[in-house]
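Okay, here's what each chain looks like letter by letter:
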Amino acid sequence: MADVTHDAAGPLSAAEVDDVELYHPKSWITKYVFSQDAKVIAIQYSIVALAIGLVALVLSWLMRLQLGFPGTFSFIDPDRYYQFITMHGMIMVIYLLTALFLGGFGNYLIPLMLGARDMVFPYVNMLSFWIYFLAVLVLVAGFFLPGGPTGAGWTLYPPQAILANTPGQQWGILVMLVSLILFIIGFTMGGLNYVVTVLQGRARGMTLMRMPLTIWGIFTATVMALLAFPALFVGAVMMLLDKLVGTSFFMPAIIAMGERLAHKGGSPILFQHLFWFFGHPEVYIVALPAFGIVSDLISTHARKNIFGYRMMVWALVAIGALSFVVWAHHMYVSGMHPAFGFFFATTTLIIAIPTAIKVYNWVLTLWRGDIHLTVPMLFALGFIVTFVNGGLTGLFLGNVVVDVPLSDTMFVVAHFHMVMGVAPILVIFGAIYHWYPKVTGRMLGDVLGKLHFWVTFLGAYLIFFPMHYIGLMGVPRRYHEISGMAFVPPSAATLNEFITIVALIVGAAQLAFLFNLVWSVRHGRPAGGNPWRATTLEWQTPQTPPAHGNWGKDLPVVYRWAYDYSVPGAAEDFLPQNQPPTPQPA
Amino acid sequence: MGVAIVLALVVIGSVVFHFLSPWWWTPIASNWGYIDDTIIITFWITGVVFAAVVLFMAYCVLRFRHREGNRAAYEPENKRLEWWLAVGTGVGVAAMLAPGLVVWHQFVTVPKDATIVEVVAQQWQWAYRLPGADGRIGASDVAHITPENPLGIDPKDPHGQDDVVIQGDNLHLPLGKPVKMLLRAVDVLHNFYVPEFRAKMDMIPGSVTYYWFTPTRAGTFDVLCAELCGTGHTFMRGNVVVEPEGNYQAWLQQQKTFAQLQAPASTQAKN
Amino acid sequence: MVVIVLFMVLMAILAGWWLSRQGLADKPWLEVGVGVEAGGAKLPVSPTAKVGLGAFLVVAGSLFSLLVSAYSMRMDMADWRALPMPTVLWFSTGLLILASIALHMALIAARCDELGHLRSSILAAGVCSLAFLTTQLLAWRELAASGYFTAANPASAFFYLVTAIHGAHMLGGLVALCRTSVRAFALSATSPPRAVGKLALSVELCALYWHFLLLVWLILFGLLMRWTDDLIAICRGLLT
């Protein structure tokens, strides 16, 4: 590899210096398996995350079958049902969404969008993926160990999580905790990479305020994740010690089923604080990359700069910072000191303001745009609908006294599925349709894509919108069957059947997506380098898919922000970030 | 065109479902009508915002969809508009938060004349304890729990002797009198939840939590556990009966006190 | 959770200060060209490895703040029974201070190109660190011998947890220190200046890491010895 020639006049950024030392693969194994190329790692992360996500999807089918047709599927007993909800929740939140947004999209897009050759610590980046993969394997091992996976609910609240009478208490809870610890270690390695690459690896001319919002979202989310995951780490280690060594961090004196346990003096609430100190930022760790990506999708496909870019950046940072002082809104009815309710309700509702600003700016970007209703754009529109819906029901749950009747009911289930399940997943789909041409050089099938969108979007809305009302009636969440409650009218059973049938259809539609994904690698329409006529750097690579080192001989130089769409006077309706300014006539 | 219509239909369908569907909250049976009012305020504000945003989006998609030769407008930002929207949102948020905090203040301020009812949860059943003639309940601790004393009432505490212990039976409450529910658990987290009362709170082994309410409607209501507590969580049920004072007193007379329950046990032990 | 919130506020202030120098109020759509960036040219560029370590220290800082938070939250409960601290902890504290000083001297030696001093200082730091870990183990044994290794005493569980996590970080640092010392001993007077420069950077990173471990240990030590009780009480008073 030839040494890179530097423009002597300009300041050197780390991205340029590092290329000389860039690791170059020598064999098939180091190129595709133990690869240190962020793009390959990104694909590895994505495939593993989607694969484990499919497992979680099947689990959700099983749960819905039980809720829609109670008693029909006798193998779904309460134990199995709780194991399904626990694994479904944990996989979706951590092993799918967090891993896919940060490990998948982060790895692929950060170097490419910033004009770097790779992540700054490629070896650590590789380790990050393999530790994540190990974490997934350990997690899945729970299904095959005696007693099965843990059924403690994804929140793993002690004392219940480690006691008998909770499924999976022999092995399931252990592998769950070990897997989480591994995940956090692996994530920290990757996360340091993403953050330092954004800090150090930007191409010449790429100031922070020229970064696409995708990078802002991933960057802010990674910083938050690095600060928040230690809380889960501490909680998991402590619970592991409680379970294995018999310490009493979270275990008070207990009589379980008539048996006096040796524990004494622990505090279950302490775990809840640790868990939600991680758990609430986690919501935004998933949401912020989605915010960023959807901003870029809307801007590109509406051929218009994102409205109020500066406000969007400030809002992202503000949401990131505020999300660390709202965690106890998950604990309004946990028995903590009631005075906290005033503080946390206020901070929680304040977060609604920057979030609302983001929503306004998305729809205002559409105003007087030139909207191409491509598949990524459809998903972006679907995201706005579901996110607004889920975000607004969050105002119910964040307002402490309204939360009292609604917490721990199906209303909560409907709310968080809409806001951090459906909405981010729609962005993930949109992003895959958007960047797939860059990753493979071919377009995903359009007809299947549209079918996939309509079934997924409308189906998901039909599943979760009515579910709020089941919760409003007072049906608690995490119930194996909804029966024997005098206040629930019989018609609710019909509604549950309906939800289940729609859920099965939506799940089946994902198979069409998977087929599209695989089929188009070979048979998709060739995409060319920049099929969407987008401005950001990843579309300006010399090869598609980008080769190792991304940029060939010379690194790109950035002359403008990421949103020069439909600039008055320009011949094209987009100006790539690396297009030099035309000399002004004097 | 199609996209815009579907987006509009999503809004219309949601609103129609909200008003016409048979699934709504169960009629209230406590004094927490204010909570329901706050929910209604929140429904109106959020509903208007949802409809406005999605309909605006539908209009944009209809009006500004790509046609040959179209070009988008160039407008990086509009500070005035953005600030107006932010301030408007702030007002909307305050309109939901302020009543919420006022009602929360009532929710956590227990009236002085509230009578005490203790609920003790264990996997997967409810037990209750009412103060005896002295109006106080005795001390308790898991250390005192034995098969004869399942609630762990301190046998040495004189206040505990006349406590009324209710096991394996429904809780009765007098109509129209404020009660303070003291919540205890002996094994894992539970949550004493009666949908008609609109109140709930977790029960934590090792500490005592509480909430208060005034039953305002006579009837028999379901008691549910609202915090995952193991395999039997779904089936941890009970009933609470709200009845006029006279019926309540008649029921209360039939219940046994802690001392009465202990007496046969100690005679047996002596034999 | 006061400690972790304070830590987060500190981080937010740092992040805010950094962001305020990045031209967040600029209107990027008005600026076309390369030379306009606010930071880039003017600010000194830190080595990437150093930035990476800095980021890691923030993560570790969050981890230890959470441990301290959990510890002080538990300590506040009524049934807290304090632990008699083994006196050997004083000894280990001294050792860690020595290790930190030795690494700082190594850094000075590396900057002055004094290879001999560099090697001896690194070795001294390594020996002191290993001795530190050994004394920590002695403290564990002493506590266990006096019967405090019981399930029902949260104070002892916290003691073991906190020292173990701190020790694990020290072990990780020792791996890096090993690699640095191997490079220091492989180096000769004829080595290219680039190699010497890289070594100086490694030594600097080790020194930074050890100072951090020392700072964390001093805070933990203060907490374990219950010197910080008053401070925590004041914090709590401020909050309520």
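Note that this is a predicted model, so its numbers are computed, not measured.

A. Region of the structure containing the overall build of chain B. Secondary structure summary: chain B contains six helices and ten strands in total. Over its C-alpha atoms chain B spans a radius of gyration of 27 Å, topping by over 25% the 18 Å that the globule rule assigns to 271 residues. On the principal axes, the C-alpha backbone points of chain B span a range of 100 × 40 × 35 Å. Every one of the 271 residues in chain B was classed for burial, and the buried ones make up 51%. Across chain B, contacts joining residues at least 24 apart in sequence account for 70% of those joining residues at least 6 apart. For chain B, the exposed area adds up to about 11700 Å²; of that, 63% sits on carbon and sulfur atoms. When the 19 basic and 23 acidic side-chain charges of chain B are each reduced to a single mean position, those positions are 8 Å apart.

B. Here's a closer look at the overall build of chain A. The secondary structure content of chain A amounts to 15 helices and two strands. The C-alpha radius of gyration computed for chain A amounts to 24 Å, which stays within 12% of the reference 25 Å derived for 586 residues, consistent with globular compactness. Taking the principal axes of its C-alpha atoms as reference, chain A extends roughly 85 × 50 × 50 Å. Among the 586 residues that make up chain A, the fraction classed as buried is 71%. In chain A, 78% of the contacts between residues at least 6 apart in sequence involve partners at least 24 apart. A total of about 16900 Å² of accessible surface is found on chain A, and carbon and sulfur atoms cover 70% of it. The centroid of the 27 positive side-chain charges in chain A is displaced by 3 Å from the centroid of its 25 negative side-chain charges.

C. Fine view of the interface of chain B and chain A. If you look at the interface, chain B gives 94 residues, while chain A gives 117 residues. Summed over both partners, the interface of chain B with chain A comes to about 9100 Å²; 70% of that surface belongs to carbon and sulfur atoms. At the boundary of chain B and chain A, one finds one salt bridge. Note that R310 of chain A is salt-bridged to E77 of chain B, the shortest N-O span being 2.7 Å. Seen at the junction of chain B and chain A, the total is 34 residue pairs in polar contact (both at pLDDT 80 or more).

D. Highlighting unusual backbone geometry. Note the cis peptide between T544 of chain A and P545 of chain A, where omega equals -5°. Assignment of secondary structure puts P545 of chain A in the segment after α15 (491-523). A cis amide bond, omega -10°, links Q123 of chain B with the succeeding residue W124 of chain B. Look at R198 of chain B: it is not a glycine, yet its phi comes out positive at around 65°. What makes R198 of chain B buried here is its relative accessible area of 4%. If you check the backbone angles, D113 of chain C has positive phi at about 65° while not being a glycine. Tracing the backbone shows D113 of chain C in the loop between α3 (88-111) and α4 (115-145).

E. Region of interest: a nonpolar patch on the surface. Residue and element names in this part refer to chain B. A contiguous nonpolar surface patch, about 1200 Å² in accessible area, is contributed by M1, I5, L9, I12, V15, V16, F19, L20, I40, W44, V48 and L62. Among the elements of the structure, α1 (2-20) and α2 (33-63) are those that each provide at least two residues to the nonpolar patch. No other element matches α1, which puts seven residues into the nonpolar patch. Among the structural elements, F19 can be located in helix α1.

F. Layout of the sheet that holds strand β6 (residues 190-194) of chain B. All names here are of chain B. Spatially, β4-β10-β9-β6-β7 is the arrangement adopted by the five strands of the open sheet, whose pairing is mixed. Edge positions in the open sheet fall to β4 (171-174) and β7 (199-203), since each of these has one partner strand only. For this sheet the average axis-to-axis angle between neighbouring strands, irrespective of direction, equals 25°. Bridge count between β4 and strand β10 (residues 237-243): four bridges; the pairing is parallel. Bridge assignment links H172 to a residue of β10, and that residue is V241. Taken strand by strand, helix α5 (residues 245-254) contacts β4 and β10, and its axis lies near 140° from that of β4.

G. Local environment of the pattern of salt bridges. Applying the stated rule across the entire model yields 15 salt bridges over all chains. R303 of chain A is the salt-bridge partner of D573 of chain A, the closest N and O atoms lying 3.0 Å from each other. With D573 of chain A in the segment after α15 and R303 of chain A in the loop between α8 (268-301) and α9 (309-322), this residue pair connects regions lying 270 residues apart in the sequence. No difference in accessibility class separates D573 of chain A from R303 of chain A, as the two residues are buried. Two residues, E118 of chain B and R129 of chain B, come together in a salt bridge whose shortest N-O distance is 2.8 Å. In this pair, E118 of chain B sits in strand β1 (residues 115-122) while R129 of chain B sits in strand β2 (residues 125-130), placing the two residues eleven residues apart along the sequence. R129 of chain B shares its class with E118 of chain B; the two are buried. A single salt-bridge network, built from bridges that share partners, covers R303, R533, E572 and D573 of chain A.

H. Representation of the environment of V521 of chain A. Mapped onto the fold, V521 of chain A is located in helix α15. Each C-alpha atom of the pair V521 of chain A and V439 of chain A lies 9.5 Å from the other, and the pair is 82 residues apart in sequence.

I. Expanded view of the packing of aromatic side chains. Residue and element names in this part refer to chain B. Under the counting rule described, the total for this entry stands at 78 aromatic pairs over all chains. Seen from their ring centres, W24 and F43 are 5.7 Å apart, and the 35° between their planes marks the pair as tilted. Separated by 19 residues along the polypeptide, W24 in the loop between α1 and α2 and F43 in helix α2 bring together distant segments of the chain. Taken together, a centroid distance of 6.2 Å and an interplanar angle of 80° make the contact between Y128 and F192 edge-to-face. Placement of the pair is Y128 in strand β2 and F192 in strand β6, with a sequence separation of 64 residues. Each member of the pair Y128 and F192 is classed as buried. Above the face of the Y210 ring, K180 is positioned so that its terminal group lies 4.7 Å from the ring centre.

J. Examining the nonpolar core more closely. Membership of the largest hydrophobic core comes to 370 residues, with the highest contact counts inside it found for Y95 and W216 of chain A. Counting ten residues, the second-largest nonpolar core is a separate cluster that includes A127, I145, V165 and V186 of chain B.

K. Local environment of the pairing of β2 of chain B. All names here are of chain B. Burial analysis of β2 places five of its six residues in the buried class, which makes it a mostly covered element. The turn linking β1 back onto β2 is made up of two residues. As defined by bridge partners, β2 adjoins strand β3 (residues 164-167) across four bridges and the pair is classed as antiparallel. When the sheet's bridge partners are listed, L130 is paired in β3 with V164.

L. View of the side chain of D37 of chain A. Residue and element names in this part refer to chain A. Secondary-structure assignment places D37 in the loop between α2 (28-33) and α3 (38-68). Given the relative accessible area of 7%, D37 is considered buried. A distance of 2.9 Å separates the side chain of D37 from the backbone nitrogen of K39, its partner in a polar contact. Only 3.0 Å separates the side chain of D37 from the side chain of H548, close enough to count as a polar contact.

M. Spotlight on the pairing of β6 of chain B. Residues and elements named next belong to chain B. With five of five residues buried, β6 is to be regarded as a mostly interior element. In β6, alternate side chains face the same way, and those of H190, F192 and V194 on one face and N191 and Y193 on the other are all buried. In this structure, β6 lies alongside β7, joined through five bridges in antiparallel fashion. In the strand pairing of β7, N191 is matched with D202. Taking the residues that link successive antiparallel strands as the turn, the β6-β7 hairpin has four residues, and the phi of R198 there is positive, at about 65°.

N. The environment of R183 of chain C, seen in detail. Residues and elements named next belong to chain C. Relative to the assigned elements, R183 resides in helix α5 (residues 154-186). Taking relative accessible area as the criterion, R183 reaches 36% and is therefore assigned partly exposed. Residues in contact with R183, not counting those within four places in the same chain, are K198, L199 and S202.

Thresholds, definitions, all that
One numbering rule holds for all chains: residues counted from 1, following each sequence as written. Lettering for chains starts from A, numbering for ligands starts from 1, and both go in the order in which the items are written. Per-residue local features are limited, in this predicted model, to residues with pLDDT of at least 70; the limit for side-chain atom pairs, both in listing and counting, is 80 or more; totals at the level of whole chains, interfaces and linings are taken over all residues. With hydrogens and water excluded, all non-hydrogen atoms of the structure serve as input to the side-chain values. Only DSSP runs of H or I reaching four residues or more are called helices, and only runs of E reaching two or more are called strands; each is numbered from the N terminus. For this measure, only C-alpha atoms enter the radius of gyration; the expected value for a globule follows 2.2 Å times N^0.38, where N is the number of residues. Relative accessible area decides the class of each residue, using a 1.4 Å probe on protein chains only: under 20% of the type maximum gives buried, over 50% gives exposed, and in between gives partly exposed. For this analysis, residues touch if any pair of their heavy atoms sits within 4.5 Å. A 1.4 Å probe and the Shrake-Rupley method give the accessible areas. Residues count as covered only by the protein chains that appear here. His residues and chain termini do not enter the charge count, which takes Lys and Arg as positive and Asp and Glu as negative. Throughout, a charge is located at the NZ atom of Lys, the CZ atom of Arg, the CG atom of Asp or the CD atom of Glu. The quantity reported as buried area is the accessible area (1.4 Å probe) lost by two parts once they are put together, taken as the sum for both. For this analysis, a salt bridge means a side-chain nitrogen from Lys or Arg found within 4 Å of a carboxyl oxygen belonging to Asp or Glu. Pairs of N or O atoms within 3.5 Å make up the polar contacts considered here, provided that, within protein, one atom can donate a hydrogen while the other can accept it, and that residues adjacent in sequence are counted only when both atoms are side-chain atoms. Patch membership is restricted to residues that have no salt bridge and whose relative accessible area is over 30%. Joining uses 9 Å for like charges and 5 Å for the nonpolar side chains Val, Leu, Ile, Met, Phe, Trp and Tyr. For two strands to be treated as a pair, DSSP must find no fewer than two bridges joining them. Each axis is a line fitted through C-alpha atoms, taken for helices only over the stretch in contact, and angles between the N-to-C directions span 0 to 180 degrees. Pairing of aromatic side chains here covers Phe, Tyr and the six-membered ring of Trp, requires ring centres within 6.5 Å, and sorts the geometry by plane angle: under 30 degrees stacked, over 60 edge-to-face, intermediate tilted. Two thresholds decide whether a charge sits over a ring: the Lys NZ or Arg CZ must be within 6 Å of the ring centre and within 35 degrees of the ring normal. Among buried residues, those of type Ala, Val, Leu, Ile, Met, Phe, Trp, Tyr and Cys that are joined through side-chain atoms within 4.5 Å constitute a nonpolar core.

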